Amino acid sequence: MIPQAFIQDLVARVDIVELIQRYVPLKKAGANYAACCPFHNEKSPSFTVSPSKQFYHCFGCGAHGTAIGFLMEYAGLGFVDAVEDLAHQFGLEVPNEGPRFDGASHTQQRSLIDLMSSAARFYRDQLKQSPKAIDYLKRRGLTGEITALFGIGYAPDAWQSLEQVFSKYDDPALVEAGLVVTNDTGRRYDRFRDRIMFPIQDQRGNVIAFGGRILDSGEPKYLNSPETPLFEKGRELYGLPQARVGIRETDTVIVVEGYMDVVALAQFGVGNAVATLGTATTPTHVQKLLRQANRLVFCFDGDKAGRKAAHRALEAALPHLADDKNVSFLFLPEEHDPDSFVRERGAEAFQAAAQDATQLGRFLFDTLIEDCDLISAEGRARLIHLAKDYIPKIGAPNLRVQLVRELAQASHVSPEEAAQGLGLAIAKPSRGGSNRFGERKPPPPLPRAAVTPLERKLLRVLLAKPDLSGKLPLSLLSALPDNPERAALIAVVDAGEDGTLIGAPLGAWLEHFRGNPHENAIALALRSLEEGFVDAEQIDQIFQDTLTELELGQTSAEISRLCANPRDLQSEAAKEKLRELFEKRVLLEKKQKLRSGQSV
């Protein structure tokens, strides 16, 4: 686990404007910077970056966060990767993270990345000196521009050509990086020889592995780097750094099977394709891709092998589906792969085919029904039996409901009977509503309050000015309703008391509560601050008014409690207590009337 103190220090060091400027052109707009939002399509800028708050916010789609959050959202990095990326910029070692891959430390990984980068430059240089490799790429229709974009190179037809790059050819790190192989006799030689080299990059653009294609006949046709401390096949995707702009512009990512498919599609203007790396689609692939776009299209050959690969992709996708995401499957004619299809029919035809791809639900049912005779009772029962391995795993609740109903119709049973056959919980129908399968029907939303709840006001105020937390009597918080905002408010007070976040920018508060049960309430409060729900010049007065309102409510509640039991008012002490409470309430009401119309 990364210590909070390190994260806070990192956020304080980062210039969020400089970071975001690398990816999005920003223009000065008063104290802040503005741009068209990189997370949704818009014509006029609604995306702002605040250098003082170390925070970005979009008034259009609501996207907001810190430098860490921006890298996670824009580059699709995980939290640890985003922290590492920023820390590396400042020459910092991330503490107490623990081993990532086979115990490799961050320093070891950087050393291996440097080796891979040197090898990639060597292979690119060798391509320029190899007429036969250049001729091969030309015959495949690749231009110099697309070859440079993907960093394609050539490994010479020699046993130890990498000696030209690495003076210490016996360095164990070369074996660890997968560049060199040692045989049983102890002899060393280059893993890749006489092959077109496709560098495999991580999401930050570091070369972490290679794929090598043989020029002529021979086996294996493609040779990949082995798994190393840098490279896990089930985590990485070929061409993702190059496809990121195309993915963002189309809000679609297309998954194909080979390096040349990705490169050829890009050559013809389809710039949003990536490929798995000699392995089946994994749940990690799906998670990573659905963070990049709302639409995911798996493109496979139409033969038996392609159908099998699609089925594995389907299984990997099910738990990670969401109702606002779209996953579909494109099967090309058997005589084509994406490379040949786009060359023969063009980019528009390919994009049109991708647009008309088979939706996941339809593909799932088509696959299940293939082995079922729906004319017979036995066949229909088999359909429900087979569906039990798939539908309950679907992570999108509304899609799951729709597929249960479709299954029921195909099987000639009621939706409740189909759900029962799948082992799904059946929620009782609510008045005026329909059954839901696999989840409870949420209660109807409460009417929107005309006045902002006090706990929400206080949470916004304390985040805007954390040093006020020391002036908040904790006894007053007991008068607030027990809800997530009250819990977050108490957590903010606790964080303010230890002093670590006093004076910190808003972004530091958001990172402090990342992964915490209070994260959502804190994020919504910060969003409200950024959208101007709090008048910065009136913070202190709003705070005092809110305390007055809290104290008034607490006083009125105590009066009501005493008056509810007349027997308790028989003693003189109780009567005196009640008089004091009434006097206090009058004073508080007068104080409150002095300022009216103040709201947050």
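We now turn to the structure provided with this report. Predicted model only: the values in this text are computed from it and were never measured. (Residues numbered from 1 in each chain as written. Predicted model: local features only at pLDDT ≥ 70, side-chain atom pairs only at ≥ 80, totals over all residues. Heavy atoms only, no water.)

The next point concerns the environment of aspartate 337. Mapping aspartate 337 onto the fold places it in the loop between β15 (326-332) and α13 (338-345). On the basis of relative accessibility, which here comes to 29%, the residue aspartate 337 falls in the partly exposed class. As for aspartate 337 and aspartate 261, which are separated by 76 residues in sequence, their C-alpha atoms are 7.5 Å apart. Within the local environment of aspartate 337, its side chain forms a polar contact with the backbone nitrogen of serine 340, the two atoms lying 2.7 Å apart. (Helix = DSSP H or I, 4+ residues; strand = E, 2+ residues; numbered from the N terminus. Buried < 20%, exposed > 50% of the residue type's maximum accessible area, 1.4 Å probe, protein only. Polar contact = N/O pair within 3.5 Å; in protein donor to acceptor, adjacent residues only side chain to side chain.)

Next up on the list: the nonpolar core. Counting residues in each nonpolar core, the largest one holds 60 residues, and the members touching the most others are Tyr123, Leu179, Ile196, Phe210, Tyr238 and Ile254. Per-element tally for this core: the top contributor is helix α5 (residues 106-128), with nine residues. Setting aside residues no more than four positions away along its own chain, leucine 179 makes contact with Leu115, Met116, Ala119, Tyr123, Leu162, Phe166, Leu174, Asp190, Arg191 and Phe210. Counting 47 residues, the second-largest nonpolar core is a separate cluster that includes Phe300, Phe329, Phe363 and Leu368. (Core = buried A, V, L, I, M, F, W, Y, C linked by side-chain atoms within 4.5 Å. Contact = heavy atoms within 4.5 Å.)

A few words now on unusual backbone geometry. A negative phi angle characterises most non-glycine residues, just as the trans form characterises most peptide bonds. Notably, glutamine 54 is not glycine yet its phi reads approximately 55 degrees, a positive angle. Within the secondary structure, glutamine 54 sits in the loop between β3 (47-50) and β4 (55-58). Notably, aspartate 251 is not glycine yet its phi reads approximately 55 degrees, a positive angle. With respect to the helices and strands, the residue aspartate 251 is situated in the loop between α9 (240-250) and β12 (252-256). The exposure class assigned to aspartate 251 is partly exposed, which follows from its relative accessible area of 34%.

Let us look at the sheet that holds strand β2 (residues 32-35). Strand pairs in the sheet, formed through backbone hydrogen bonds, run parallel or antiparallel to each other. In spatial order, the strands read β1-β2-β3-β4-β5; together these five strands make up an open sheet with antiparallel pairing. Strands at the two margins of the open sheet, each flanked by one partner only, are β1 (27-29) and β5 (64-65). In terms of strand pairing, β4 meets β5 through two bridges, oriented antiparallel. For tyrosine 56, the partnering residue across the bridge sits in β5 and is glycine 65. Across the sheet, helix α23 (residues 519-530) is in contact with β3, β4 and β5; its angle to β4 comes to roughly 75 degrees. (Pairing = 2+ DSSP bridges. Axes fitted to C-alpha atoms, helices over the stretch in contact; angles between N-to-C directions.)

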